[in-house]
Amino acid sequence: MMANEEEGVPAEKQQSPLSSPSSGPEVSEQAAGGAEGTGEQKTDPGAARSQLSGLSADSCLQHFKMRKFFVLRPGTLNQAIKDVEALVNKEEDGSVHGIWLMAEVDHWNNEKERLVLITDNTLLIFKYDFVLLCCEQIQKIQLNYIDRICHGSFSFPKRSLLKRDGEGVRIFWDRLREPSFTSKWNPFANDFPFSTFTYHPVRNINDTFAALCDIQTFSEKLRDAAQKAHTRKPIPGKANGVLVLQQPIYIEAYVGAMAFLGNQNKLGYCMARGNLGF
């Protein structure tokens, strides 16, 4: 139900700043020249320097890894938001209620960087190239078709070799349609009646990105917007309303070498990779 959607299925449509890390705790003050009296206190400079160096190395390494994300480059995020907001059809979609930076998790456990907008009538999922500063793909989901929102940790089959930490949110918009067998085993299939999101890796950079990547706030805003859309435009023959569930998000994947390598190397994100940009 994503790419090249046939006519007659209105649920969705497919169309083609940073704060530097702390440098570690301050070293205990050493006695300065001319200290009072003879009770001058001395510290072990070698131990203090070793502790400071260890903390600084870890902090700098994490900072270096985060800086590889193009979304953190000055001005990049602001330009991306302007670009995707310009693609919103005011007559069809309505006003924008919020924008989030998240990672979409597909049925094979692959992560993909996404910008997500909630408007009066639609949920818009953008595949945005933060290197070239252009939108590559749009997925539109009508809010009055959304019937379930699940929030919880991720789970896999008992014999699966995959695992995923953290929490996520899954949005369903067609409870009567189940994915076909071929779609489940096709890593490139995009006809699933749901989308799954989790936290973007840069969420802990600062307060701005923490709010932008907050999936709990996203699910609450989406629930409220979808409820209003159901009231305004009820669908004949379909139970209107949104069911919100707190339960594990099941990913039916067993062996995912491609997902493991891709997620470990963040291939689904726009990052600097040596002399190349992905």
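Residues numbered from 1 in each chain as written. Predicted model: local features only at pLDDT ≥ 70, side-chain atom pairs only at ≥ 80, totals over all residues. Heavy atoms only, no water.

### Description of the side chain of Asn109
Following the sequence through the fold, Asn109 ends up in the loop between strand 2 (96-105) and strand 3 (111-119). Here Asn109 falls in the buried class, since its relative accessible area comes to 3%. Reaching out from Asn109, the side chain makes a polar contact with the side chain of Arg164 at a distance of 2.7 Å. When residues no more than four places from it in sequence are discounted, the contact partners of Asn109 are Phe156, Leu162, Lys163, Arg164, Ile251, Ala259 and Asn263. (Helix = DSSP H or I, 4+ residues; strand = E, 2+ residues; numbered from the N terminus. Buried < 20%, exposed > 50% of the residue type's maximum accessible area, 1.4 Å probe, protein only. Polar contact = N/O pair within 3.5 Å; in protein donor to acceptor, adjacent residues only side chain to side chain. Contact = heavy atoms within 4.5 Å.)

### Structural notes on the pattern of salt bridges
Here the structure, examined in full by the defined rule, presents seven salt bridges. Taking the shortest distance from any N to any O, the salt bridge between Arg164 and Glu111 comes out at 2.7 Å. Of this pair, Arg164 sits in the loop between strand 6 (148-155) and strand 7 (167-172) while Glu111 sits in strand 3, placing them 53 residues apart in sequence. Two residues, Asp147 and Arg148, come together in a salt bridge whose shortest N-O distance is 3.9 Å. (Salt bridge = Lys/Arg side-chain N within 4 Å of Asp/Glu carboxyl O.)

### Comments concerning a positive patch on the surface
Together, Lys221, Lys228, Arg232 and Lys233 make up a positively charged patch on the protein surface. Tracing the backbone shows Lys221 in helix 6 (residues 215-232). Note on Lys221: relative accessible area 43%, which makes it partly exposed. (Patch = residues over 30% accessible without salt bridge, like charges linked within 9 Å, V, L, I, M, F, W, Y side chains within 5 Å. Areas by Shrake-Rupley, 256 points an atom, 1.4 Å probe, with all protein chains shown as cover. Lys, Arg positive; Asp, Glu negative; His and termini not counted. Charge placed at Lys NZ, Arg CZ, Asp CG, Glu CD.)

### Observations concerning the environment of Arg73
With respect to the secondary-structure elements, Arg73 resides in the loop between helix 1 (45-67) and helix 2 (76-86). With relative accessibility at 29%, the residue Arg73 sits in the partly exposed group. Once the C-alpha coordinates of Arg73 and Phe130 are considered, the two residues, 57 residues apart in sequence, prove to be 9.2 Å apart.

### A short note on the pairing of strand 6
When strand 6 meets strand 7, the two strands line up antiparallel, connected through six bridges. The partner of Ser153 across the bridge, within strand 7, is Glu167. Relative to strand 10 (residues 249-250), strand 6 runs parallel, the two sharing two bridges. Each residue of the ladder has a partner; that of Phe154, found in strand 10, is Ile249. (Pairing = 2+ DSSP bridges.)

### Brief notes about the environment of Glu113
For Glu113, the location among the structural elements is in strand 3. Exposure remark for Glu113: the relative accessible area of 3% places this residue in the buried category. Excluding residues within four positions of it along the chain, Glu113 makes contact with Val71, Leu101, Met102, Phe126, Phe130, His200, Gly268, Tyr269 and Cys270. Within the structure, Glu113 has its side chain in polar contact with the backbone nitrogen of Cys270 (distance 3.0 Å).

### Notes on unusual backbone geometry
Unlike most non-glycine residues, Asn109 shows phi in positive territory, near 70°. We note that Leu133 has phi near 55°; this positive angle belongs to a residue other than glycine. On the accessibility criterion, Leu133 (36% relative accessible area) is partly exposed.

### Details of the packing of aromatic side chains
Taken as a whole, this structure holds six aromatic pairs when the rule is applied. Judged by centre distance (5.6 Å) and plane angle (85°), the ring pair of Phe69 and Tyr269 falls under edge-to-face. Placement of the pair is Phe69 in the loop between helix 1 and helix 2 and Tyr269 in the loop between helix 7 (257-264) and strand 11 (272-273), with a sequence separation of 200 residues. Judged by relative accessible area, Tyr269 falls into the buried class, the value being 1%. Aromatic pair Phe172 and Phe194: ring centres 5.5 Å apart, planes at 50°, arrangement tilted. Here Phe194 lies in strand 8 (residues 194-199) and Phe172 lies in strand 7, a separation of 22 residues in the sequence. Residues Phe172 and Phe194 agree in their burial class; the two are buried. Here the guanidinium or amino end of Arg73 rests over the ring plane of Phe70, the centre of that ring lying 4.8 Å away. In this structure, Arg164 packs its charged tip against the face of Phe154, placed 5.6 Å from the ring centre. (Phe/Tyr/Trp six-rings, centres within 6.5 Å; stacked < 30°, edge-to-face > 60°. Lys NZ or Arg CZ within 6 Å of the ring centre and 35° of its normal.)

### Considerations on helix 6
Compared with an ideal rise of 1.5 Å per residue, which puts 18 residues at 26 Å, helix 6 spans 25 Å between its outermost C-alpha atoms and is within 8% of the ideal. Here the buried face of helix 6 lies against strand 2, strand 3, strand 4 (122-129), strand 6, strand 7 and strand 8. The backbone nitrogen of Gln216 lies 3.1 Å from a side-chain oxygen of the residue at the head of helix 6, namely Asp214. (Expected span 1.5 Å × (residues − 1).)

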